[in-house]
Amino acid sequence: MAMTTGGRTRIFSGVQPTGHLTLGNYLGAVRRWAEEDQHRADALFCVVNLHALTVEHDPARVRRLSRQAATLLLASGLDPEVCTVFMQSQVDEHLRLSYLMECTASDGEMRRMIQYKEKAAAQRAKGGVRLSLLTYPALMAADILAYGTHEVPVGEDQRQHVELTRDLAVRFNQRYGATFVVPRTTLPAVAARVMDLQEPTSKMGKSRARTAGVVYLLDEPEVVRKKVLRAVTDAEPEVAYDPEQRPGVANLLNVLAACTGGDPRRLAEGYDSYGALKKDVAEAVVETLRPVRERHAELAADPASVDAVLRRGAERARALARPRVDAAFEAVGLLPAG
Ligand code: AQP
């Protein structure tokens, strides 16, 4: 029998401190964690800072972005009295289990990951691909499986990694006995993949080099307006929702729907010019992000309280993860420590 989670649904998800958090992170993942997930389950949310070392990094920047990401999670409404917020590197169980996941996965599986292919191509051109970029999904599987997670709320781009996590959990359980819960992905109803405003066929990502099409959670309202008003659309005269043929307009309609609660197809019917649509999108985004920016400013003024939340979160996470990771060590044939 896989270890239980006390009868409650367990949710785990995370965000990488590879850059400043974006509107994509918020609409695709973080907002749902705060508004729904933390209230309906035993939920853990993590700044996955080890993942930020898979690409070239500046230690001071990773340190700064890690604390900023944690502060933004709290500013977005994650309540440490209700859920567990912590820093991945402060809970050793992630790395312990990651090695067992590397021993469960095959190199072919890792090489098939789309994110690996995309990022490796970019890094190869710059001079070298870190081995950890290839094995990243093993660490991500460990992040999820250590907690007996049932649901992983993520954006569409992470679906393939959660699928791999499922495969690894099933394989491990078959080889060594039931140890892990097999988790499933949950996606938001709209905005599961927010696209770059300048390149609407690419995901809006926080580590993109060109930032004109990326809205950051901490952008000033004037900057948000400028980025949205300059978004790439197309030459067709009427506003219509067609993600395949007209990705720029569809992206704006998805963002508007996510911010205002409407349906993107229906919303399209209410516009006869791109100018009017962009104006409404800009204001909807500014208003959606306003409370997050304001709360962030308050919390950032007291970094010690954020660190205290992370310390408490890490303690709880460690206590939850350790028995399952110890059981996995024993199951594969490693002698127990004491
Ligand atoms: N554009 C997006 N639309 C919807 N959801 C998104 N997510 C990320 N981008 C979008 C979701 O946000 C959570 C945290 O993801 P991440 O930290 O991996 O985000 P990132 O911004 O994509 O970071 P990078 O460094 O640019 O990473 P790569 O290129 O590796 O994705 C996840 O739930 C993610 O799905």
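Residues numbered from 1 in each chain as written. Predicted model: local features only at pLDDT ≥ 70, side-chain atom pairs only at ≥ 80, totals over all residues. Heavy atoms only, no water.

1. Focus: unusual backbone geometry
Link 1 in the chain: Positioned with a positive phi, Ala191 is a non-glycine residue whose angle comes to about 65°.
Link 2 in the chain: Mapping Ala191 onto the fold places it in the loop between β5 (184-186) and α8 (221-229).
Link 3 in the chain: Residue classification places Ala191 among the buried positions, given a relative accessible area of 6%. (Helix = DSSP H or I, 4+ residues; strand = E, 2+ residues; numbered from the N terminus. Buried < 20%, exposed > 50% of the residue type's maximum accessible area, 1.4 Å probe, protein only.)

2. Points about the pairing of strand β2 (residues 42-47)
Link 1 in the chain: By the criterion of burial, β2 is predominantly enclosed, with six of the six residues buried.
Link 2 in the chain: Examined bridge by bridge, strand β1 (residues 10-15) and β2 share six bridges and lie parallel to one another. Along β2, the bridge assignment pairs Ile11 with Ala43.
Link 3 in the chain: Between β1 and its parallel partner β2, the chain crosses via helix α1 (residues 23-40), and the hand of that crossover is right-handed.
Link 4 in the chain: Bridge analysis of β2 against strand β3 (residues 84-87) gives four bridges, and the strand direction is parallel. For Cys46, the partnering residue across the bridge sits in β3 and is Phe86. (Pairing = 2+ DSSP bridges. Right-handed = clockwise from strand over helix to strand, strands pointing away.)

3. Brief notes about the environment of His39
Link 1 in the chain: For His39, the position within the fold is in helix α1.
Link 2 in the chain: Separated by 40 residues in the primary sequence, His39 and Asp79 place their C-alpha atoms 9.6 Å from one another.
Link 3 in the chain: With sequence-adjacent residues up to four places away left out, His39 is seen in contact with Ala34 and Val82.
Link 4 in the chain: At 3.3 Å, the side chain of His39 forms a polar contact with the backbone oxygen of Ala34. (Contact = heavy atoms within 4.5 Å. Polar contact = N/O pair within 3.5 Å; in protein donor to acceptor, adjacent residues only side chain to side chain.)

4. Brief notes about the pattern of salt bridges
Link 1 in the chain: Going through the model one piece at a time under the given rule, you end up with 25 salt bridges.
Link 2 in the chain: For Arg10, the salt bridge identified is with Asp42, shortest N-O distance 2.9 Å. Of the two residues, Arg10 sits in strand β1 while Asp42 sits in strand β2, which places them 32 residues apart along the sequence.
Link 3 in the chain: A relative accessible area of 9% means that Asp42 is categorised as buried.
Link 4 in the chain: One connected set of salt bridges, linked through shared partners, spans Asp37, Arg40, Glu151 and Arg184. (Salt bridge = Lys/Arg side-chain N within 4 Å of Asp/Glu carboxyl O.)

5. Observations regarding the nonpolar core
Link 1 in the chain: Ranked by size, the top nonpolar core spans 62 residues in total, and within it Leu27, Leu277 and Val285 carry the most contacts.
Link 2 in the chain: Among the elements that make up this core, the one with the highest residue count is helix α11 (residues 274-300) (ten residues).
Link 3 in the chain: Both of domain 1 (10-188 + 303-331) and domain 2 (191-301) provide at least three residues apiece to this core.
Link 4 in the chain: In contact with Val285, not counting residues within four places along its chain, are Leu23, Val215, Val224, Val255 and Cys259. (Core = buried A, V, L, I, M, F, W, Y, C linked by side-chain atoms within 4.5 Å. Domains from an automatic or database assignment.)

6. Quick notes on the site of the ligand
Link 1 in the chain: Taken together, the neighbourhood of the ligand is formed by 23 residues, with Thr18, Lys119, Asp157, Lys203 and Lys206 sitting nearest.
Link 2 in the chain: Between an oxygen atom of the ligand and a side-chain N or O atom of Asp157, the distance comes to 2.6 Å.
Link 3 in the chain: A distance of 2.8 Å separates a nitrogen atom of the ligand from a polar backbone atom of Val194.
Link 4 in the chain: For the ligand, the accessible surface in isolation is 660 Å², of which the surrounding protein chains cover 96%.
Link 5 in the chain: Elements that contribute at least two residues to the shell around the ligand include exactly β1, α1 and α5 (114-126).
Link 6 in the chain: Counted by class, the shell around the ligand contains seven nonpolar, eleven polar and five charged residues.
Link 7 in the chain: Counting the residues that make up the shell around the ligand, at least three belong to each of domain 1 (10-188 + 303-331) and domain 2 (191-301). (Near = heavy atom within 4 Å. Areas by Shrake-Rupley, 256 points an atom, 1.4 Å probe, with all protein chains shown as cover. Nonpolar A, V, L, I, M, F, W, Y, C, P; charged D, E, K, R; others polar.)

7. A few points about helix α7 (residues 159-176)
Link 1 in the chain: Given a rise of 1.5 Å per residue, 18 residues ought to cover 26 Å, and the 26 Å separating the end C-alpha atoms of α7 matches this to within 8%.
Link 2 in the chain: When α7 is considered as a whole, its buried residues turn out to be His161, Val162, Leu164, Thr165, Leu168, Ala169, Phe172 and Asn173.
Link 3 in the chain: Positive phi shows up at Gly177, right after α7, with a value of about 105°. (Expected span 1.5 Å × (residues − 1).)

8. Brief notes about the domain arrangement of the chain
One frequently used descriptor of interface size is the decrease in accessible area upon assembly of the parts.
Link 1 in the chain: In terms of domain boundaries, the chain breaks down into domain 1 (10-188 + 303-331) and domain 2 (191-301).
Link 2 in the chain: With centres defined by C-alpha atoms, the gap from domain 1 to domain 2 works out at 27 Å.
Link 3 in the chain: Each partner contributes residues to the interface: domain 1 has 27 residues there, and domain 2 has 26 residues.
Link 4 in the chain: Together, the buried faces of domain 1 and domain 2 total about 2,300 Å²; carbon and sulfur atoms form 69% of this surface. (Buried area = accessible area lost by both parts, 1.4 Å probe.)

9. A short note on the packing of aromatic side chains
Link 1 in the chain: Under the counting rule described, the total for this entry stands at six aromatic pairs.
Link 2 in the chain: The interplanar angle of 5° and the centroid separation of 5.6 Å between the aromatic rings of Phe12 and Tyr147 together place this pair among those described as stacked. On the criterion of sequence distance, the pair formed by Phe12 in strand β1 and Tyr147 in the loop between α6 (131-145) and β4 (151-153) is long-range, its members being 135 residues apart.
Link 3 in the chain: Looking at Tyr147, the relative accessible area reads 0%, which means it is buried.
Link 4 in the chain: Measuring from centroid to centroid gives 4.8 Å for Trp33 and Phe45, while their planes differ by 15°, and the two rings are stacked. Here Phe45 lies in strand β2 and Trp33 lies in helix α1, a separation of twelve residues in the sequence. Take Trp33 and Phe45: they sit in the same class, and that class is buried.
Link 5 in the chain: Each residue in the set Phe12, Phe86 and Tyr147 is aromatic and connected to the rest through ring pairs, giving one cluster.
Link 6 in the chain: Directly above the aromatic system of Phe329 lies the positively charged group of Arg96, at a separation of 4.4 Å from the ring centroid. (Phe/Tyr/Trp six-rings, centres within 6.5 Å; stacked < 30°, edge-to-face > 60°. Lys NZ or Arg CZ within 6 Å of the ring centre and 35° of its normal.)

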